[in-house]
Amino acid sequence: MYRNGFHKKVEEACRLDTAESFNLQSRIHRLHWFGRSDIWVKRDDELSFGVSGTKLRKHASIIPVLKQEEIDEVIVIGGANSNNVLSAAQTLTENGIKIIPFLLGPPSQKQGNSRLLSLFVDDEDIHWISRQQWTERETQINSYVDGKKGHGVKIFVLPEGGHHRLALPGSLSILFDILRNEKESEVNFDHIFIDSGTGMVAQSLLAGSAVIGKNTIFHNVILADSFEDFEKGLKQVIQYTEDFLQVSIKSIPEYKLYYPVVGRSFGSTNSTIFKEIRCIAREDGILTDPVYSAKLFITAKHTIQDQSLDGNILLIHSGGALALSGFLDNPVFDNEE
Ligand SMILES: *Cc1c(COP(=O)(O)O)cnc(C)c1O
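Residue numbers here run from 1 along each chain, matching the order of that chain's written sequence. Local features in a predicted model are, by the rule used here, given only for residues with pLDDT of at least 70; side-chain atom pairs are given and counted only at 80 or more, and totals for whole chains, interfaces and linings are based on all residues. Side-chain metrics in this entry use all non-hydrogen atoms of the structure; hydrogen atoms and water are not considered.

- An unreviewed UniProt entry lists the chain under the name D-cysteine desulfhydrase, with Candidatus Scalindua arabica as the source organism.
- UniProt positions are given in the numbering used here, feature names are shortened, and annotations may be inferred rather than shown by experiment. Quoted verbatim from the Sequence similarities (unreviewed entry) field of the UniProt record, the comment on the chain reads "Belongs to the ACC deaminase/D-cysteine desulfhydrase family."
- For the chain, the Cofactor (unreviewed entry) comment in UniProt is given as "pyridoxal 5'-phosphate".

1. As for the environment of Thr91
- Labels follow the DSSP assignment, with helices taken as runs of H or I lasting at least four residues and strands as runs of E lasting at least two, numbered in each case from the N terminus. Along the polypeptide, Thr91 turns up in helix α3 (residues 83-94).
- Buried residues are those whose accessible area, probed at 1.4 Å on protein chains only, stays under 20% of the maximum for their type, while exposed residues exceed 50% and partly exposed ones sit between those limits. A residue is classified by how much of its surface remains accessible, and Thr91, at 1% relative accessible area, is buried.
- In the structure, Thr91 is positioned 14 residues away from Gly105 in sequence and 23 Å away in space, judged by C-alpha atoms.
- Residues are treated as being in contact if the distance between any of their heavy atoms lies within 4.5 Å. The residues contacting Thr91, other than those within four sequence positions of it, are Phe22, Val51, Leu56, His59 and Ile63.
- Two N or O atoms count as a polar contact when they lie within 3.5 Å, although within protein this holds only if one can serve as hydrogen donor and the other as acceptor, and sequence-adjacent residues are included solely when both atoms are side-chain atoms. At a separation of 2.8 Å, a polar atom in the side chain of Thr91 contacts the side chain of His59.

2. A short note on the site of the ligand
- One heavy atom suffices: a residue is near a molecule or strand as soon as one of its heavy atoms comes within 4 Å of it. In the neighbourhood of the ligand, 16 residues make up the surrounding shell, with Lys55, Gly197, Thr198, Gly199 and Ser318 lying closest.
- Take Asp195: an N or O atom from its side chain is 3.2 Å from a nitrogen atom of the ligand.
- A distance of 2.7 Å is found between an oxygen atom of the ligand and a backbone nitrogen or oxygen belonging to Gly199.
- Protein chains bury 99% of the 390 Å² of accessible surface belonging to the ligand in isolation. To measure how exposed things are, a 1.4 Å probe is used in the Shrake-Rupley method; for residues, cover is taken only from the protein chains shown.

Written as structure tokens, this is what we have:
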């Protein structure tokens, strides 16, 4: 009953009843780790070839509002290789909205995501912000917005990573998709591992599970921010969820926070990660990227053994494997070792 009303609101916000809506359903299948048959992966990486899964879900509820409000341009802020920026270049352009990137850089060399972004956006249309000026990026953005306002251009500013109230329904869509997976595969997950950048999707999963009383232990691998940032973001998302559903959330499910067991700082890579990417490809048949999914897989593998976790376990592969294109010249991939 309540669950159905909740699900309906999410579907409405993502316009899932329209033929051209994004696909927000992904399958699950078993991994063969440790000779077990109760460890599964959810293939949110299959939601789109070029848009990472988490970003597709967030944009799914942001874009309908932008269209309704007849927004002309969206300022997207991030690093030169940001998955959110590359994803927005696709989802916004598809919907006839102009992307205005404000990016940290320029990078000394364009590879991977930043090179792919060149396909969507002309170099002259990228607003580069140097590292020294990065803390004052808002000033630059505000002056751009003010200049455009005078010409009657309607602008929306998408924060870094897309952590925004409008992204809530799309982020919550993963919860209902997991419930569908559980039902179709006749399995109930005791543990769910998810990677966290801004934490928007992981936090929504917690807040949504609280509302429907889902009992799962959530293991969040914090890749970009700190544990404190995650807690702060969680409070915000709980508030967004309460406002969206007109409910009050009293307690949330059990959750744990981890930093990645390798490559602790965001975006850092090393040969252990690249070897693991090769290992995951050979043993599981799955492409992972060094920034998000490979670190999630490595940390999950470690944690499952370290804590002797039993029961049914789900890893969420949030996508982003296109970023791997920037690392293909890594010596590990020469296969000489
Ligand atoms: C952006 C991204 C994340 C993190 O999503 P948040 O909602 O910001 O935590 C995880 N995985 C991939 C592949 C991403 O692109």
